[in-house]
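# Per-entry structural report
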Amino acid sequence: RVAAEAVGEAGPGDFSTGLPSNAVYAIVALADVAIGPEGRRTRLVRLRDAIGGGAGWRGRWGDTSPLWRIGGAAVMDELRPPTSWAPARLLPPIGAPCASRLRPQRPLWAGGATTGSPPRDAGDGTFVMAFEDWLQVFGHVFVSRPLSERSGWASLHLRGRWTPATLGGTPIGVKQGAGTPEGWARNPQCRLVIPADAQLGAVPERVEVCLVLQQPDARMSPGSAFPFKDRLLELFLCVLRLDAPTQRLPVFDKQRLVPGGVSLLSKRREVLLRAWLPAPGAYAVVPSTWEVELASGQQQAPFLLSVHLRCPPGRFRLEAPAEEGWDAPS
């Protein structure tokens, strides 16, 4: 929250930007636009409203700002997202109705990104800020690098689950209550194999790998408040060297860990790691939790493991045994 003397307007008995703290907003468009008959250049940022139905941005270029009375429609036309931009399906499709709104609405589904017709007088689920105000209000910017086949990456996704029989804990001594090295081996294990097969083509000495372990989004279930720690498990992910492509590790052996092959231990929705694997080779990818017991009445805890390798799609394989709770890779 930033004081209104800098960017916002006074709220009832307080100063507020109108934007909740600790919230995340996706950038839809950035533009340097000409304002008014004199063509004064102004840098604007259009953002997706991830909260929906809130008070909304109260500063310059907010939905009720009088600045929209000058060339508002033309300004919004400059702030349309790229045709390839698809809003996340978990975000609200529209904003809340507002009788005092001055900003022309440009629904994101107009380009075919989403389907359906918005209710009458509904907002488009976005808001606009002056670039200078955006710099003051927001503390962090996260830039996503697409790991696409076009940029040389191959990806597979594995759905799995922990059960009372396969919740083996994490045997790293960062705090009390860790699992045991032997118990850790109960966790679901999948094997990542980069074979030495001349028919598949040359393989580099090291292959870059990015792994992401995710658990269900706690925001989708009622009855919990941010940061939803009562709904989340404490996640950990590691990659260990195998002696043979068919080996299953019977115990956690830190000597087998590949350089960079460990994530943070974190009670968040996801953890990730980035490492370089010597090739050819075989590796165990093991997701685990700090907990060794599920919550009362819970029979399983689902997760998603995303595997990205910087090599051709047919140059590696993933083996995920169904008896350990894995679904087929996709």
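Look a little higher up for the structure.
First things first, this report covers the structure right here in the doc. Since this is a predicted model, take the numbers as computed values, not measurements.

Basis of the calculations
Residues numbered from 1 in each chain as written. Predicted model: local features only at pLDDT ≥ 70, side-chain atom pairs only at ≥ 80, totals over all residues. Heavy atoms only, no water. Helix = DSSP H or I, 4+ residues; strand = E, 2+ residues; numbered from the N terminus. Contact = heavy atoms within 4.5 Å. Areas by Shrake-Rupley, 256 points an atom, 1.4 Å probe, with all protein chains shown as cover. Pairing = 2+ DSSP bridges. Axes fitted to C-alpha atoms, helices over the stretch in contact; angles between N-to-C directions. Phe/Tyr/Trp six-rings, centres within 6.5 Å; stacked < 30°, edge-to-face > 60°. Buried < 20%, exposed > 50% of the residue type's maximum accessible area, 1.4 Å probe, protein only.

## A word on the overall build of the protein
- Scanning the protein for helices and strands turns up 3 helices and 14 strands.
- Taking all contacts inside the protein whose residues are at least 6 apart in sequence as the whole, residues at least 24 apart take part in 76%.
- Carbon together with sulfur atoms contributes 54% to the accessible area of the protein, which is approximately 17,900 Å² in total.

## Looking at unusual backbone geometry
- Looking along the chain, the bond that leaves Ala 279 and enters Pro 280 is cis, with omega of -5 degrees.
- Looking at the element boundaries, Pro 280 is found in the loop between strand E11 (270–278) and strand E12 (281–289).
- Non-glycine residue Trp 61 carries a positive phi angle of around 70 degrees.
- Along the chain, Trp 61 falls in the loop between strand E4 (40–48) and helix H1 (72–78).

## Details of the sheet that holds strand E10 (residues 257–262)
- The strand order across the open sheet built from 5 strands is E10-E9-E12-E7-E14, with neighbouring strands paired in antiparallel fashion. If you trace the sheet from one side to the other, it starts and ends with E10 and strand E14 (317–319), each paired once. Recorded for the sheet is a direction-independent mean angle of 25 degrees between the axes of neighbouring strands.
- Pairing analysis gives 7 bridges linking strand E9 (residues 235–241) to E12, with the strands arranged antiparallel.

## Digging into the environment of Phe 316
- On the secondary structure map, Phe 316 appears in the loop between strand E13 (301–309) and E14.
- Between the C-alpha atom of Phe 316 and that of Pro 195, which follows or precedes it by 121 residues, the distance is 6.7 Å.

## Some words on the packing of aromatic side chains
- One pass over the full model with this rule turns up 8 aromatic pairs.
- With 5.4 Å between their ring centres and 90 degrees between their planes, Tyr 25 and Phe 127 make a pair best called edge-to-face. Of the two residues, Tyr 25 is situated in the loop between strand E2 (14–16) and strand E3 (27–35) and Phe 127 in strand E5 (residues 126–130); the sequence distance between them amounts to 102 residues.
- In this structure Phe 127 comes out as buried when scored by relative accessible area, which is 6%.
- Ring geometry for Trp 162 versus Phe 303: centroids 4.4 Å apart, planes at 40 degrees, classification tilted. Residue Trp 162 is found in strand E6 (residues 154–162), and its partner Phe 303 is found in strand E13; the two are separated by 141 residues along the sequence. Per residue, the accessibility class of Trp 162 equals that of Phe 303, and both read buried.
- Put simply, the rings of Tyr 25, Phe 127, Phe 131, Trp 134 and Phe 138 touch in pairs and so form one group of aromatic residues.

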